[in-house]
Amino acid sequence: MIKIKVPATSANIGVGFDCLGLAVNLYAVVQFEDSSSPLEINGCPKKYQNKNNLIYQAFVAAADFLQQPVPNLKITIDSQVPVSRGLGSSATCIVAGLMGANNWFKANLSQEQLLDLATRIEGHPDNVTPAIYGNMSASFIDDNDDVCSAHFKISSKLHFLALIPDYSISTEKARQILPKEMSYQTAIYQIGHALVLAKALENGDFPLIQKAIIDKMHEPFRKQLIPDYEEVQNICLNENSLCYISGSGSTLMAITDKKDQAQEILKAIKKSFPKWEAHHLQVDTQGAHAIV
Ligand code: HSE
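Note that the coordinates shown come from a computational prediction; the quantities given were computed from them, not determined experimentally. (Residues numbered from 1 in each chain as written. Predicted model: local features only at pLDDT ≥ 70, side-chain atom pairs only at ≥ 80, totals over all residues. Heavy atoms only, no water.)

Another point: the overall build of the protein. Assigned secondary structure in the protein consists of 10 helices and 11 strands. Since a compact globule built from 292 residues should have a radius of gyration of about 19 Å, the 19 Å found for the protein is in line with a globular shape. Expressed along its principal axes, the backbone C-alpha trace of the protein runs to roughly 55 × 45 × 35 Å. A total of 292 residues make up the protein; the buried ones form 53% of that total. Taking all contacts inside the protein whose residues are at least 6 apart in sequence as the whole, residues at least 24 apart take part in 73%. Counting every atom, the protein has about 13,800 Å² of accessible surface; 50% of that belongs to carbon and sulfur. Separation between the mean location of the 25 positive side-chain charges and that of the 30 negative ones in the protein comes to 5 Å. (Helix = DSSP H or I, 4+ residues; strand = E, 2+ residues; numbered from the N terminus. Rg over C-alpha atoms; globule rule 2.2 N^0.38 Å. Buried < 20%, exposed > 50% of the residue type's maximum accessible area, 1.4 Å probe, protein only. Contact = heavy atoms within 4.5 Å. Areas by Shrake-Rupley, 256 points an atom, 1.4 Å probe, with all protein chains shown as cover. Lys, Arg positive; Asp, Glu negative; His and termini not counted. Charge placed at Lys NZ, Arg CZ, Asp CG, Glu CD.)

Structure, rendered in structure tokens:
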């Protein structure tokens, strides 16, 4: 029996659209076992208990890559990662399926190979990279379709709060809403901000994070999909904190460098949005791994 544990991830982090991502301590644990039937899946809604299941598809993609036959499989999912909320639930499925196959066939695929395969399935690397490596990653796809990534430790001074609405957002819709072009001026703005943000997160320099995280590439267009965006921004600003749209939403990720402010934000969110989930999270520093 093989068990793979994969962290949730928060992509974009404001100005790092499709490039930056952060692993956090909400987990999907997926178990792979022999089965007497071709495929048995437990622990997810009925509509995903078939061959279209993303974990299974990723397992099959890895088996094909390794030129191995796909075995009869029982897959059991135990996930804390909410679906379609911008916390990388699809990345957890893809990485779990690939690593499940890697372990099943004792293939020893490297993290780089897993990342290339995962990005091919997901289409962009910003969630799958930190899901594999932990911590924060910056990544891009080069002209040979290989993924290049760099990894950053995040300062332990920072507190991350996942404020998770009781409504989902489709990534497809959140991508369609974006403009097709961007000016040179905005590109320069984004590059400068993203580079400074990465270092400021590493150093825990909160005043610099507040300036660097302000995005012009996706948040101004996507905020209309989150009806409570302004109210949550105001709750965070009142506590001298900030929030950004995690992935394509609907989760808003608050950052603060003060524990008291983190608690005040959680209190205010619970009061204004009693149906939401709100978690005070740690950065996951390990990334996906097999557990016994
Ligand atoms: N970078 C992606 C986006 C993350 O914002 O569309 C969602 O998977």
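What the rule picks out here adds up to five aromatic pairs. Taken together, a centroid distance of 6.0 Å and an interplanar angle of 80 degrees make the contact between phenylalanine 59 and tryptophan 104 edge-to-face. Taken together, the residues phenylalanine 59 in helix H1 (residues 54–65) and tryptophan 104 in helix H2 (residues 89–104) connect sequence positions 45 residues apart. Classification of phenylalanine 59 by relative accessible area gives buried; the value is 0%. By relative accessible area, tryptophan 104 is classed as partly exposed at 21%. Their ring planes at 50 degrees and their centres at 5.9 Å tell us that phenylalanine 59 and phenylalanine 105 sit as a pair that is tilted. (Phe/Tyr/Trp six-rings, centres within 6.5 Å; stacked < 30°, edge-to-face > 60°.)

A word on the nonpolar core. Of all hydrophobic cores here, the largest spans 36 residues; its most connected members are Phe32, Ile75, Val95 and Leu98. At the level of secondary structure, the elements contributing two or more residues to this core comprise strand E1 (2–11), strand E2 (20–34), H1, strand E4 (73–79), H2, helix H3 (111–122) and helix H4 (128–133). Sequence-distant contacts of leucine 98, that is, excluding residues within four places in its chain, are made with Ala58, Phe59, Ala62, Leu114, Leu117, Ala118 and Ile121. Core analysis: the second largest hydrophobic core is formed by 31 residues, Ala8, Ala28, Ala194 and Leu242 among them. (Core = buried A, V, L, I, M, F, W, Y, C linked by side-chain atoms within 4.5 Å.)

Here the focus is the domain arrangement of the protein. Split into domains, the protein comes out as domain 1 (2–153 + 285–291) and domain 2 (159–280). Inter-centroid distance (C-alpha atoms) of domain 1 to domain 2 is 24 Å. Listed as interface residues are 22 residues of domain 1 and, on the opposing side, 34 residues of domain 2. Buried surface at the junction of domain 1 and domain 2, summed over both partners, amounts to about 2,100 Å²; 62% is from carbon and sulfur atoms. The interface formed by domain 1 and domain 2 holds one salt bridge in total. Linking aspartate 18 and arginine 175 is a salt bridge whose minimum nitrogen-to-oxygen distance equals 2.7 Å. On inspection of domain 1 and its partner domain 2, the count reaches 14 residue pairs in polar contact (both at pLDDT 80 or more). At the level of secondary structure, the elements contributing two or more residues to the side of domain 1 that touches domain 2 comprise E1 and E2. Tallying contributions element by element places E2 first for the side of domain 1 that touches domain 2, with four residues. Class assignment of the residues belonging to the side of domain 1 that touches domain 2 gives a composition of 13 nonpolar, six polar and three charged. (Domains from an automatic or database assignment. Buried area = accessible area lost by both parts, 1.4 Å probe. Salt bridge = Lys/Arg side-chain N within 4 Å of Asp/Glu carboxyl O. Polar contact = N/O pair within 3.5 Å; in protein donor to acceptor, adjacent residues only side chain to side chain. Nonpolar A, V, L, I, M, F, W, Y, C, P; charged D, E, K, R; others polar.)

Now for the pattern of salt bridges. Per the stated rule, a full pass over the model turns up five salt bridges. Of the charged contacts, one joins glutamate 264 and lysine 267 as a salt bridge, the two residues approaching to 3.3 Å between their closest N and O atoms. With glutamate 264 and lysine 267 both in helix H10 (residues 259–272), this residue pair falls three residues apart, about one helical turn. Taking the relative accessible area as the measure of exposure, lysine 267 reaches 53% and is therefore exposed.

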